[in-house]
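The lines below spell out each chain.
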Amino acid sequence: MKLYILIIFVPLFCAVSLPFTLAHLPLGLLALYLSLDFKEELWRSLLKIFYKEISSLNLNTLHKLLTKHKNALVYLGEGYEFTQKHALLLDKRLLKYQKKRKTTLTANFGSEILDDLELFCHHKLFTTPRILTSHMLIMGTTGAGKTRLFDLLISQAIMRGDTVIIFDPKNDADLIKKAELCCNFAQRPQDFLRLDPENPEKSICFNPLACFNNASEIGERITSLMEGSGSAASFKSYANLAITSAVVALINLKRPVTLRNIKEALATPDIYFKALFKALDTITLNLNLPEITRFWENLHKLFKEEKKNSKSAKISELLGLKNFYNYLISHQYLKIRPDLETLFATAALDKDYFAKVSNGAAPILSSLTSESRAFVLSAEPPQQVLDFAQIIKAHKVLHIALPSLKDLQTSQNLGRILLTDLTSQASRIYNHKINADNVPKSPVSIFIDECGEVASPALVQLLNKARGANFAITLAIQSFRDLVKNGGSDQALQILDNCNTKLSLRVGSLETASIFCECLEKTTLASRSQILATSFSEQALTDSQSLIKSYKKDSLISPQILMGLKNLEYFALIGSSTLYKGKIPLVKD
């Protein structure tokens with residue numbers, strides 16, 4: 001380096017003290033070329049002077065940017081398309097750093113090795129809302145910038161007029177504040193809603209069981225939260241039957257299907273008999289036939305006469321209702337009703353046995369129907385109770401706080417039940433999309449932070465069906481293991497495969513980084529290895545070192561590069577085809 005300095009400054013001194021000659025120019029250029037380190041430092045200094053990176057932007061600037069492109073693009077910050085050219089440049093730089101054993105870590109997390117890899121082609125990076133309907137997976141360790149990227153994407157979804165649904169296990173105050181401010185900026189202040197079971201004074205009332213086609217769906221949703229291995233599987237199936245029967249009973253009694261009402265029904269076995277009596281009474285009134293009315297009235301009188309012995313009266317009443325039901329079917333006044341068959345089967349069970357086999361669901365229902373949670377999740381008219389169908393129809397912005405820090409298990413259970421209900425709504429839209437009124441005119445943008453906490457078959461189904469319902473889902477995880485821990489490797493890979501856009505911030509797991517890199521195209525890169533050889537002779541023992549250069553096919557970037565990104569820096573594989581290297585700007589008020 002000292003030699004390079006002499007080569008540079010001697011000509012400069014001569015140029016000042018002596019008349020200018022053409023010999024000075026090539027000499028100076030040669031010195032700059034030979035001094036590689038100085039050359040890189042010079043380029044970096046020039047870049048800082050002539051290129052000013054956008055580190056933040058306010059809502060007004062973001063809105064102007066979207067308006068310029070008629071809301072047809074989604075802004076992802078600034079950067080460049082990372083190609084084979086950049087991979088080769090990075091490879092050379094890595095070899096140089098390896099040779100000099102130079103450390104590249106900075107005080108602000110991450111490595112400087114990617115700095116100024118592309119000097120002249122920095123530009124604004126975009127994708128499209130249509131690509132986002134094929135779903136995005138964001139990977140990043142704590143503090144890398146996942147929440148700030150959510151700020152950027154959520155703000156744009158609100159400005160586009162989308163329905164926005166945010167699942168937030170951390171209940172991030174800054175995320176809530178920015179979403180609300182953006183609604184005010186976009187002249188949608190009335191659209192911002194919060195669902196927060198732990199803070200009912202700030203929350204709307206919401207029914208997480210509102211969307212279903214048949215009662216067995218509700219039974220499956222709740223029992224899917226139970227452990228189902230070994231002997232527990234049989235109790236799970238009985239609990240499913242009990243909950244399904246409870247829902248059927250509530251429907252026939254014209255009572256809302258809520259978590260609290262299901263819990264109360266499971267504790268009141270007589271409700272099944274009452275529901276049967278109500279259903280058959282309604283059928284009799286609707287038929288309005290003298291013969292059927294006379295049969296029903298005589299049966300009703302018989303029930304009153306047998307009230308003296310309560311136990312035998314119940315058995316007799318149940319048999320009487322069954323006979324009346326069979327009579328209606330045999331004479332073709334009524335077709336077989338699966339819901340009533342379920343009620344008859346459940347009502348015939350011994351009360352003690354019924355309580356035992358249905359007890360498995362009690363802890364789940366109890367945790368979701370505590371005092372404050374019941375007020376939010378099990379409210380009934382005259383209170384205004386919303387559901388996902390109403391949220392989507394009215395283009396609302398809904399922030400859902402899941403109490404993961406207070407009660408992780410309840411947070412997971414609530415999140416999964418909500419996702420299942422949302423999946424049912426997506427399925428309903430998908431199955432009826434021929435009717436234009438049933439399909440959302442603008443996308444439904446769904447953001448799920450720490451999605452490993454709510455990873456379940458329901459999430460896989462939502463990803464599968466969501467695109468047909470015009471849903472765009474963005475998931476965020478810290479590591480691949482977050483997806484594995486609650487559903488296994490197969491389910492985690494299904495979630496990964498259903499997200500056609502993958503964005504990696506700095507990750508702390510080699511496994512997670514490797515999974516991202518495996519999705520990238522391969523290119524030919526150089527590698528060097530150092531070999532130490534020892535030779536023997538009569539005179540002396542000598543050592544020699546040699547550096548061998550070889551070539552191999554590898555991903556455009558290595559896992560170690562992802563693990564060394566600075567805060568807010570990312571690589572993004574857009575639509576499984578284009579690779580971006582970019583940086584997220586902070587969205588300010």
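Structure shown above.
Residues numbered from 1 in each chain as written. Predicted model: local features only at pLDDT ≥ 70, side-chain atom pairs only at ≥ 80, totals over all residues. Heavy atoms only, no water.

In this structure, what is going on with the sheet that holds strand E6 (residues 192–195)? I would like to understand it.
Read from one edge of the open sheet, eleven strands run E3-E2-E16-E15-E12-E4-E11-E10-E5-E9-E6, paired in mixed fashion. Since the sheet does not close on itself, it has two edges, and those belong to strand E3 (123–127) and E6, each with one partner. Within this sheet the neighbouring strands show an average axis-to-axis angle of 25 degrees, counted without direction. Helix-sheet contacts for helix H20 (residues 408–431) involve strand E5 (163–168), E6, strand E9 (397–401), strand E10 (444–448) and strand E11 (471–477), and the interaxial angle to E5 is about 155 degrees. (Pairing = 2+ DSSP bridges. Helix = DSSP H or I, 4+ residues; strand = E, 2+ residues; numbered from the N terminus. Axes fitted to C-alpha atoms, helices over the stretch in contact; angles between N-to-C directions. Contact = heavy atoms within 4.5 Å.)

Just checking my understanding: could you explain the packing of aromatic side chains for this structure?
Each aromatic ring pair is described using two quantities: the centre-to-centre distance and the angle formed by the ring planes. Scanning the model with the defined rule gives eleven aromatic pairs in all. Seen in terms of ring centroids, phenylalanine 150 and phenylalanine 447 are 5.5 Å apart; in terms of plane orientation they differ by 65 degrees. Their pairing is edge-to-face. A residue pair is termed long-range when its members are at least 10 positions apart, and phenylalanine 150 in helix H7 (residues 146–160) and phenylalanine 447 in strand E10 qualify at 297 residues. The exposure class assigned to phenylalanine 150 is buried, which follows from its relative accessible area of 1%. (Phe/Tyr/Trp six-rings, centres within 6.5 Å; stacked < 30°, edge-to-face > 60°. Buried < 20%, exposed > 50% of the residue type's maximum accessible area, 1.4 Å probe, protein only.)

I'm lost on the nonpolar core in this one. Help?
As a rule of thumb, soluble globular proteins bury nonpolar side chains together. Formed by 116 residues in total, the largest nonpolar core has its most connected members in Phe82, Phe167, Ile262, Ile448, Phe471, Leu475 and Phe571. By size, the runner-up hydrophobic cluster in this structure holds 43 residues, among which are Leu62, Leu66, Ala157 and Ala179. (Core = buried A, V, L, I, M, F, W, Y, C linked by side-chain atoms within 4.5 Å.)

Can you walk me through empty space enclosed by the protein in this structure?
Over the atoms, a rolled probe matching the size of one water molecule traces out where space is still vacant. Under the defined criterion, the tally for this structure stands at three cavities of 30 Å³ or more. Here the largest cavity is characterised by a volume of approximately 100 Å³. Along the walls of the largest cavity sit Val74, Pro129, Leu132, Leu153, Ala157, Arg160, Asp162, Pro443, Ser445, Phe447, Ala472 and Thr474, which together make up its complete lining. Counting residues per element, the ones that place at least two in the lining of the largest cavity are helix H6 (129–132), H7, E10 and E11. Counting residues per element, the lining of the largest cavity draws most heavily on H7, which supplies three residues. Here the lining of the largest cavity is built from residues that sort into eight nonpolar, two polar and two charged. Taken as a whole, the second largest cavity spans an internal volume of roughly 40 Å³. If you go around the second largest cavity, the residues you meet are Leu59, Ser155, Lys178, Leu181, Val587, Lys588 and Asp589. Breaking the lining of the second largest cavity down by element, the ones donating at least two residues are helix H8 (173–185) and strand E17 (586–588). Here the lining of the second largest cavity is composed, by residue class, of three nonpolar, one polar and three charged. (1 Å grid on protein atoms, 1.4 Å probe; cavity = no way out; pocket = protein on both sides within 12 Å on 5 of 7 lines; lining within 4 Å. Points joined across faces, edges and corners; volume = space filled by probe spheres on them. Nonpolar A, V, L, I, M, F, W, Y, C, P; charged D, E, K, R; others polar.)

For this particular structure, what's the right way to read the packing of H7 against H8?
When two helices pack together, you describe them by how their axes are tilted relative to each other and by the distance separating the axes. H8 packs onto H7 with a crossing angle of 20 degrees between their chain directions and a minimal axis gap of 9 Å. Relative to H8, the element H7 is oriented roughly parallel. Classified by chirality, the crossing of H8 by H7 is right-handed. Counted together, Thr147, Arg148, Phe150, Asp151, Ile154, Ser155, Ile158 and Met159 of H7 and Asp174, Leu175, Lys178, Ala179, Cys182, Cys183 and Phe185 of H8 form the full contact between these two elements. Of the residues contributing to the contact of H7 with H8, the split by class is nine nonpolar, two polar and four charged. (Parallel < 35°, antiparallel > 145°, perpendicular 65-115°, else oblique. Left-handed = near helix turned anticlockwise from the far one by under 90°.)

It is not clear to me how the pattern of salt bridges should be interpreted in this structure. Could you clarify?
Oppositely charged side chains are able to pair whenever their charged atoms sit close together. Enumeration according to the criterion identifies 21 salt bridges in this entry. Lysine 124 is paired through a salt bridge with glutamate 78; the nearest N and O atoms lie 4.0 Å apart. Here lysine 124, found in strand E3, pairs with glutamate 78, found in strand E2 (residues 74–81); they are 46 residues apart in sequence, far enough to count as distant. A residue is classified by how much of its surface remains accessible, and lysine 124, at 38% relative accessible area, is partly exposed. Glutamate 341 is paired through a salt bridge with lysine 322; the nearest N and O atoms lie 3.8 Å apart. Pair noted here: glutamate 341 is in helix H15 (residues 338–347) and lysine 322 is in helix H14 (residues 310–330), with a separation of 19 residues, a long-range link. Assessed through its relative accessible area of 26%, lysine 322 is described here as partly exposed. Here the salt bridges share partners, and the residues they tie into one network are Arg148, Asp151, Asp174 and Lys178. (Salt bridge = Lys/Arg side-chain N within 4 Å of Asp/Glu carboxyl O.)

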